[in-house]
Amino acid sequence: MEISVARDPKERYSSAESFKNDLENYLSLKPIAADKTNVFGKVWLYTRRNTALVSLTFIVLIISVGSAIINQLQINETLREKAKLEQSNKFLRSIFKANDPNRTDGEKITAIDLLNASKDQIKNIENIEVKAYAQAQLGMLYAELGLWNESGPLFMDAVDNFQNSKQTNIPDLSNAYNNLAGYFRNVSEYQKADSTVDLAIRLLETNRNSYPIALGVSYKDKGYLQFLKGQYDEGEQTGRKAIELLTTCVDEGITPNQEYTQIAIIELSNAYNYLSSNLRELSKYNEALEAAKTAMTLAEPYKKLDHSAYYTASNNLALAFNRLGEYEKQIDILKAKINEELNYYAPDNPRILSAMANLGSAYYQFGNYEKSDSLTLIAYNTYLEKFGPTNQHTVSTLYNLGNSKYEQGKHDEALGYFEKVLTADIETLGKNHPYVASDYISLGNVQMTKKNYAEAKTYYQQALDIYLNNFGDMHQKTSFAHSKLGYLYAELGDKGRAISHFQKAVNIVKEVLGTEHRYYVQYSAELDSLTKTFKEPS
């Protein structure tokens, strides 16, 4: 239009026909003779005319550029992994060089020597991510050997380095959290362990589709911590959540996509193990037994790959038989477990010591105090030396030793042991933990035998209050505290209160354990005896 009315006639259309042709070309998006559009305008016009072609070209361009970027990222990742591998190899060479017999005057090098040398060499690693990885791996080796105090600083440093590395991925950091939580758990710092494993869970839950096995493992570890903290209902729920997730992984053939995680079926076995522990403390003994059997069945085909899952299952199976009063089965399982595990671990490894302590407890039930005390003392002294007086492994063996001394009539010795146990448990677990209630029961038993009835009553009532607070009315441990108060009041001649407590104990055991259980038979006999001789006051 501007051309048709231009001031200079030379700039106008030469004829009406040329104006008409330009107008038709414009409307059909074709080039026009009067076109003075800049390059951007021409591009826009070409795009309008060739929409399909331009769209296809644009898509190809995006794919090409994207592929180039991805290829470059892959190249960068490959170079990064190559650099890490070179640093890792340099680290390994330095370890074996440091332990070359020609450089150590031919002295025999033990596994611990090798680990200690490795720890010294880690400081020379330049790449922070490689350093963190080496610290995590070395810490896991120390922990496997039961050297928990040595593993802790390595796990802490690994977490710090992974957090400070700009290239750390989710599996590395979550595994570092789980390792550190395991260290805190082993040294009985349960609150720190709980908060640390929560860090791993939060990290993995935001990526649950990418790392489902790792998330299941963190749920499993959380459930075990809840067991140790006496939160058995919560532990059961968390354990079942882990089992559901890991079962899906097994059914769908999902394989680990991080180096630290075992195959799903082994982790599923471990999840059943920890579920068994929580069920056992909830007096669901038959369910606990079945969970332990399931764990063994899952782990047995992979025994050579990971024997720890299988032997943990056998230990849980033995403990389930203990609660069911089948002590001979417990002893047979533990003997076999110790003999086989000695092929893998040193005699002072916590796995061996734990089995020895449990075996001692089983012999105690049979009245074989010589064997019981011998095994328990070995475990106790080793734990005490390695981990100190408040570690739960140390405390639990001391508690077993106190029970044995009590049954042997050595009441003052037993009292001293139980008082130490109570102090340690309150310091480590808090005043409301079920283990503290068990300590009160044991102290009450000693005072009852010494005819210090007022002290015994106080201890038994404290135990009952803790059990009621943790488990409610219908729990085997609650029934046990009621029975203790029943015996106390019967001894004091207060048969009305004695009958009341025994009636509650009988009702609970009938509901929870059934009428065939020895506690039901025992409490019912006491109740019948009291009822026959009881006369209502006139």
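Everything numeric in this text was worked out from a predicted model, so none of it was measured. (Residues numbered from 1 in each chain as written. Predicted model: local features only at pLDDT ≥ 70, side-chain atom pairs only at ≥ 80, totals over all residues. Heavy atoms only, no water.)

This part takes up the overall build of the protein. Regarding its fold elements, the protein presents 23 helices and 0 strands. Looking at the protein as a whole, 47% of its 538 residues qualify as buried. By sequence separation, contacts in the protein at least 24 residues apart represent 59% of the contacts at least 6 residues apart. When the accessible surface of the protein is totalled, it reaches about 28000 Å², and 52% of it is carbon and sulfur. (Helix = DSSP H or I, 4+ residues; strand = E, 2+ residues; numbered from the N terminus. Buried < 20%, exposed > 50% of the residue type's maximum accessible area, 1.4 Å probe, protein only. Contact = heavy atoms within 4.5 Å. Areas by Shrake-Rupley, 256 points an atom, 1.4 Å probe, with all protein chains shown as cover.)

Attention now moves to the pattern of salt bridges. Scanning the entire structure with this criterion turns up 19 salt bridges. For Glu189, the salt bridge goes to Lys192, with nearest N and O atoms at 3.0 Å. Given the relative accessible area of 30%, Glu189 is considered partly exposed. The residue Lys303 makes a salt bridge to Glu340 at a minimum N-O spacing of 2.9 Å. Residue Lys303 is located in the loop between α12 (285-299) and α13 (307-323), and its partner Glu340 is located in helix α14 (residues 327-341); the two are separated by 37 residues in the primary sequence. (Salt bridge = Lys/Arg side-chain N within 4 Å of Asp/Glu carboxyl O.)

It is worth spelling out the packing of aromatic side chains at this point. All told, the structure shown has 17 aromatic pairs when counted by the stated rule. The interplanar angle of 55° and the centroid separation of 6.3 Å between the aromatic rings of Tyr311 and Tyr344 together place this pair among those described as tilted. Residue Tyr311 is located in helix α13, and its partner Tyr344 is located in the loop between α14 and α15 (350-365); the two are separated by 33 residues in the primary sequence. What makes Tyr311 buried here is its relative accessible area of 2%. Judged by centre distance (6.1 Å) and plane angle (25°), the rings of Tyr467 and Phe471 are stacked. Pair noted here: Tyr467 and Phe471 are both in helix α20 (residues 453-471), with a separation of 4 residues, about one helical turn. Overall, Tyr467 belongs to the buried group, its relative accessible area being 2%. With relative accessibility at 15%, the residue Phe471 sits in the buried group. (Phe/Tyr/Trp six-rings, centres within 6.5 Å; stacked < 30°, edge-to-face > 60°.)

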